[in-house]
Amino acid sequence: YLKDPDDRLWIAGIGVRGNPAGNGLFYYDNLKKKVIRAKGDEKLGKASLHDVKLDLRNLDWLWLSSEDGICHYNRKTRATE
């Protein structure tokens, strides 16, 4: 997990084998008091993520690692690269 500069807690999800519901990127919404799946492209929702880190050169971006490699996720625009 990672707490970003806006005090949002990001969670890298890895589902149980055969049940991908826990895969993807999630965050804790302080107002709603619940965990929400981050919006993004289709691959993001299916990825078994291992870790999430903040890009120290651009705080809008998160680095995500998975079994398929790494990618960037923009927490403001929800774009992935």
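Note that residues are indexed from 1 along each chain, following the sequence as it is written. In view of the model being predicted, local features appear only for residues whose pLDDT reaches at least 70, and side-chain atom pairs are presented and counted only at 80 or more, with totals across whole chains, interfaces and linings using the full set of residues. The side-chain values count all of the structure's non-hydrogen atoms but skip hydrogen atoms and water molecules.

1. Examining the environment of E42
A run of H or I in DSSP counts as a helix once it spans at least four residues, and a run of E counts as a strand once it spans at least two, with each numbered from the N terminus. Structurally, the position occupied by E42 is in helix 1 (residues 42-46). The sequence separation of E42 and G24 amounts to 18 residues, and the corresponding C-alpha distance is 9.7 Å.

2. Things to note about the nonpolar core
Counting residues in hydrophobic clusters, the biggest one holds 15 residues, and the most contacted among them are W10, L25, L49, V52, L62, L64 and Y73. Every element with two or more residues in this core is listed here: strand 2 (9-13), strand 3 (24-29), strand 5 (49-54) and strand 6 (61-66). Residue contacts are counted whenever heavy atoms from the two residues lie within 4.5 Å of one another. With near-sequence residues (within four places) excluded, L62 lies in contact with L2, W10, L25, V52, K53, L54, C71, H72, Y73 and R75. Here, the term nonpolar core denotes a set of buried Ala, Val, Leu, Ile, Met, Phe, Trp, Tyr and Cys residues that are joined through side-chain atoms within 4.5 Å. Partly exposed residues are those whose accessible area sits between 20% and 50% of the maximum for their type, while under 20% is buried and over 50% is exposed, using a 1.4 Å probe and protein chains only.

3. Some thoughts on the packing of aromatic side chains
Stacked, tilted and edge-to-face are the three classes assigned to paired rings of Phe, Tyr and Trp, where Trp is represented by its six-membered ring and a pair needs centres within 6.5 Å; plane angles under 30 degrees give stacked, over 60 edge-to-face, the rest tilted. Tallying each qualifying case throughout the model produces two aromatic pairs. Relative to Y27, the ring of W10 lies with its centre 5.4 Å away and its plane at 50°, an arrangement referred to as tilted. Highlighted residues: W10 in strand 2 and Y27 in strand 3, separated in sequence by 17 residues. With relative accessibility at 13%, the residue Y27 sits in the buried group. Given a relative accessible area of 2%, W10 falls into the buried group. Put simply, the rings of W10, Y27 and Y73 pair up and form one aromatic cluster. Positioned over the ring face of Y27 is R8, at 4.0 Å from the centre of the ring. Should the NZ of a Lys or the CZ of an Arg lie within 6 Å of a ring centre and within 35 degrees of the ring normal, that charge is described as sitting over the ring.

4. So, the layout of surface pockets
Counted as a void, the largest pocket has a volume near 220 Å³. Of the grid points, spaced at 1 Å and generated over the protein atoms alone, those admitting a 1.4 Å probe that cannot get out make up cavities, while open sets with protein on both sides within 12 Å along at least five of seven lines make up pockets; any residue with an atom within 4 Å of a point is treated as lining. Lining the largest pocket are 13 residues, with K43, L44, A47, S66 and C71 sitting closest to its centre. Broken down by secondary-structure element, the contributors of at least two residues to the lining of the largest pocket are helix 1, strand 6 and strand 7 (69-74). Among the elements that make up the lining of the largest pocket, the one with the highest residue count is strand 7 (three residues). Within the lining of the largest pocket, the residues separate by chemical class into six nonpolar, three polar and four charged. Grid points are joined across faces, edges and corners, and a volume is the space filled by probe spheres set on the points. Gly is placed with the polar residues, together with every amino acid not listed as nonpolar (Ala, Val, Leu, Ile, Met, Phe, Trp, Tyr, Cys and Pro) or charged (Asp, Glu, Lys and Arg).

5. Focus: unusual backbone geometry
Even without a glycine there, the phi angle at D7 is positive, about 70°. A positive phi is found at R78, a non-glycine position, where the angle reads about 70°. Note that R78 resides in the segment after strand 7.

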